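Residue strings, one per chain:
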Amino acid sequence: MTKRREEKKQAATGRSKVARGRKQAPVQKDKTPRGDRREARPRKRGAKQAPLVRALDQRQDRGLEELACDIEALTPLVDPLALEMEAGHPLIWDDTDPALRPAANQLCALIEADGGTASISSAFRPQAYQDHLRQVWDRAKELDANDQPGCLDLRLEVARELGKHALSTSRLVGKTSRHTQGRAVDISWRLPDAEDASARVAELAAEAGLTHPFPAQDPPHFELA
Ligand SMILES: [Zn+2]
């Protein structure tokens, strides 16, 4: 077969295939290069999309205006100490029990003497701050069971807050805390040499006058005994 005849044949079969499908639609040649064509294809919308992606999609489809969200917004913080903590200064000793700070320092020294590392990350928390943490946690749980596209902005805000405070919906945030009573301290610690680090840190805490009440759920948390 000559080159010219082969070209003719291909053109003919191509046309006949198209003609079978749609009768009069003109065949438009897509001149986009292959790589670009793939990007232009619309993304598949499956049932497995995350709520945030689904909300973004629906918002695009329906416009922003009349979308409602039945979940209440986060209450803005006004307490000065809570604002200070939120601004990146989480370690506050004001209003703590006078025994707390020396005990925390002693525990850090004991951990370091045992070949570990320790640093205090949080002590006093105003109730307003605890309320804020609890509210973020409450909203996150409500949002888990909600797919209203109108809740998108709240969803983004709550996701940011969860990350910022290292919270998870799977770990309870209490309405009250020993931190608000000035009797608890959070210490990030490691005891790489210990066979059972959790048991060892509880021993050292007892020596410093502290307890380690939630070893699995909240390892950094220590309270005055
Ligand atoms: Zn704590």
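Scroll up a little and you will see the structure.
Residues numbered from 1 in each chain as written. Predicted model: local features only at pLDDT ≥ 70, side-chain atom pairs only at ≥ 80, totals over all residues.

## Some remarks on the overall build of the protein
At step 1: A tally of helices and strands in the protein yields 8 helices and 4 strands.
At step 2: Reading the secondary structure of the protein in the N-to-C direction produces α-α-α-α-α-β-α-α-β-α-β-β.
At step 3: Taking all 225 residues of the protein together, 19% fall into the buried category.
At step 4: Sequence separation of at least 24 residues holds for 75% of the intrachain contacts in the protein that already meet a minimum separation of 6. (Helix = DSSP H or I, 4+ residues; strand = E, 2+ residues; numbered from the N terminus. Buried ≥ 20, exposed ≤ 12 C-beta atoms within 10 Å, placed from the backbone. Contact = placed C-beta atoms within 7 Å.)

## Some points on the packing of helix α5 (residues 100–113) against helix α8 (residues 197–207)
At step 1: Where α5 contacts α8, the two axes come as close as 9 Å, and the packing angle between them is 135 degrees. One element, α5, and the other, α8, form an angle in the oblique class. For the element pair α5 and α8, the recorded crossing hand is right-handed. When α5 is examined against α8, the residues L107, L110 and I111 are found in contact with a partner set consisting of V201, L204, A205 and E207.
At step 2: Counted by class, the contact of α5 with α8 contains 6 nonpolar, no polar and 1 charged residues. (Axes fitted to C-alpha atoms, helices over the stretch in contact; angles between N-to-C directions. Parallel < 35°, antiparallel > 145°, perpendicular 65-115°, else oblique. Left-handed = near helix turned anticlockwise from the far one by under 90°. Nonpolar A, V, L, I, M, F, W, Y, C, P; charged D, E, K, R; others polar.)

## Regarding the sheet that holds strand β1 (residues 117–122)
At step 1: Spatially, β1-β2-β4-β3 is the arrangement adopted by the 4 strands of the open sheet, whose pairing is antiparallel. Strand pairing shows two members of the sheet lacking a second neighbour, β1 and β3 (210–211), which therefore form its edges.
At step 2: When β1 meets strand β2 (residues 184–190), the two strands line up antiparallel, connected through 5 bridges. Residue pairing in the sheet places S119 in a bridge with S188 of β2. (Pairing = 2+ DSSP bridges.)

## What to know about the nonpolar core
At step 1: One finds A104, L107, C108, I111, V185, I187 and F222 to be the most contacted residues of the largest nonpolar core, which totals 20 residues.
At step 2: Residue assignment for this core shows that the elements contributing at least two residues are α5, β1, β2 and α8.
At step 3: Per element, the largest residue contribution to this core is 6 residues, and it comes from α5.
At step 4: Setting aside residues no more than four positions away along its own chain, V185 makes contact with L100, A104, I120, A123 and F222.
At step 5: Core analysis: the second largest hydrophobic core is formed by 9 residues, Y129, V136, L143 and C151 among them. (Core = buried A, V, L, I, M, F, W, Y, C linked by C-beta atoms within 7 Å.)

## Considerations on α5
At step 1: Counted at 1.5 Å a residue, the expected span for α5 with its 14 residues is 20 Å, and the 20 Å between its end C-alpha atoms agrees.
At step 2: Looking at the buried side of α5, the elements it contacts are β1, β2, α8, β3 and β4 (221–224).
At step 3: One or two steps after α5, the chain reaches G115, where phi turns positive at roughly 85 degrees. (Expected span 1.5 Å × (residues − 1).)

## A word on the packing of helix α6 (residues 127–144) against helix α7 (residues 152–164)
At step 1: Across the interface, α6 lies against α7 with an axial gap of 10 Å and an inter-helix angle of 130 degrees. Taken together, the axes of α6 and α7 lie oblique to each other. Seen from above, α6 lies across α7 with left-handed handedness. Contact residues: V136, R139, A140 and L143 in α6; L154, R155, V158, E161 and L162 in α7.
At step 2: Grouping the constituent residues of the contact of α6 with α7 by class yields 6 nonpolar, no polar and 3 charged.

## Observations concerning α7
At step 1: Over its 13 residues, α7 runs 18 Å from end to end, which matches the ideal 18 Å to within 8%, given 1.5 Å per residue.
At step 2: Looking one or two places after α7, you find A166, whose phi comes out positive at around 50 degrees.

## Digging into the pairing of β2
At step 1: When you tally the buried positions in β2, you get 5 out of 7 residues, the bulk of the element.
At step 2: One ladder, built from 3 bridges, connects β2 with β4; its direction is antiparallel. Note on β4: the bridge partner recorded for A184 is E223.

## Topic: the environment of F124
At step 1: Along the polypeptide, F124 turns up in the loop between β1 and α6.
At step 2: In this structure F124 comes out as buried when scored by C-beta crowding, with 23 C-beta atoms within 10 Å.
At step 3: When the C-alpha positions of F124 and A184 are compared, they lie 7.3 Å apart, and in sequence the two are 60 residues distant.
At step 4: In contact with F124, other than residues within four places in its own chain, are I92, W93, D94, D95, T96, H179 and G182.

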